Amino acid sequence: MKLIMAIIKPFKLDEVREALTPLGVQGLTVTEVKGFGRQKGQTEIYRGAEYQVSFLPKLKIEVVVPDELADPVVEAIAAAAKTGKIGDGKIFVVDVERALRIRTGETDSAAL
C-alpha cells in the first residue's frame, strides 16, 4: 500500500476529486495548510498598507491506495492540479506498512 500526499492549490480540489473517483479511490483526507516554496510568498495590500504574506494557503490531500493504483493516482492528481504556473504543488508517495479499519477490525487492503 502507498500513502500519497499531495499539496495543491485550493481551487483545484474538486478537479482532483473528480479525477480520482473513476480510479476507484473511495476516500481521501483534506487538510488546509500553509506553506511556501519557490513562490516565497507574495505581497498584498490591506486597508492601504502593504504587507508580505510569507505562507500561502494550500490544501494537503492524503489517500492510501493499493500498490497497483499508486502510479495512476499520482498521474491523475498531477494532471488535475496542474495550472502550469509556479505554486502548483508537490506529490509525495510513501510506503504504508499496515492499515486498520477501527469499526470492523479489517486490516491492510481490506481496510481501504
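All of these numbers come straight from a predicted model, not from anything done at the bench.

1. Overview of unusual backbone geometry
The backbone phi angle of Asp108 is positive, close to 50 degrees, even though this residue is not glycine. Here Asp108 lies in the segment after β6 (89-95). Looking at Asp108, the relative accessible area reads 31%, which means it is partly exposed.

2. Overview of the sheet that holds strand β5 (residues 56-65)
Whenever strands of a sheet pair, they do so through backbone hydrogen bonds, lying parallel or antiparallel. If you trace the four strands from one edge of the open sheet to the other, you get β2-β5-β1-β6, paired in antiparallel fashion. In this open sheet, the two strands that pair with only one neighbour each are β2 (29-35) and β6. Strand-to-strand twist in this sheet, taken as the mean axis angle between neighbours without regard to direction, amounts to 20 degrees. Taken together, the seven bridges between β2 and β5 define a ladder with antiparallel strand orientation. If you follow Gly35 over to β5, its bridge partner there is Leu56. The sheet contacts of helix α1 (residues 13-20) involve β1 (2-8), β2 and β5, and relative to β5 the element is tilted by about 10 degrees. Contacts between helix α2 (residues 67-81) and the sheet are confined to β1, β5 and β6, with β1 contributing the most and set at about 5 degrees to the helix.

3. Quick word on the side chain of Lys9
Here Lys9 shows up in the loop between β1 and α1. Each residue touching Lys9, except ones within four places of it in the same chain, is listed here: Lys58, Thr83, Lys85, Ile86, Gly87 and Asp88.

4. Focus on the pairing of β5
In this sheet, β5 lies alongside β1 in antiparallel orientation, the contact comprising seven bridges. The residue bridging Ala6 from the neighbouring strand is Ile61, located in β5.

5. Remarks on α2
For α2, spanning 15 residues, the distance from its first C-alpha to its last is 22 Å, which sits close to the expected 21 Å at 1.5 Å a residue. All of the buried residues along α2 are Ala70, Val73, Ala76, Ile77, Ala80 and Ala81. Buried residues in α2, looked at end-on, bunch into an arc of 145 degrees, giving them a common side. With respect to the buried face of α2, the exposed residues turned more than 90 degrees away are Glu68, Asp71, Glu75 and Ala79.

6. Some words on the environment of Val63
Among the structural elements, Val63 can be located in strand β5. Given a relative accessible area of 3%, Val63 falls into the buried group. Ignoring any residue separated from it by four or fewer positions in sequence, one finds Val63 in contact with Lys2, Leu3, Ile4, Val25, Gly27, Leu28 and Val73.

Procedures and definitions
Residues numbered from 1 in each chain as written. Predicted model: local features only at pLDDT ≥ 70, side-chain atom pairs only at ≥ 80, totals over all residues. Heavy atoms only, no water. Helix = DSSP H or I, 4+ residues; strand = E, 2+ residues; numbered from the N terminus. Buried < 20%, exposed > 50% of the residue type's maximum accessible area, 1.4 Å probe, protein only. Pairing = 2+ DSSP bridges. Axes fitted to C-alpha atoms, helices over the stretch in contact; angles between N-to-C directions. Contact = heavy atoms within 4.5 Å. Expected span 1.5 Å × (residues − 1). Arc of directions from axis to C-beta.

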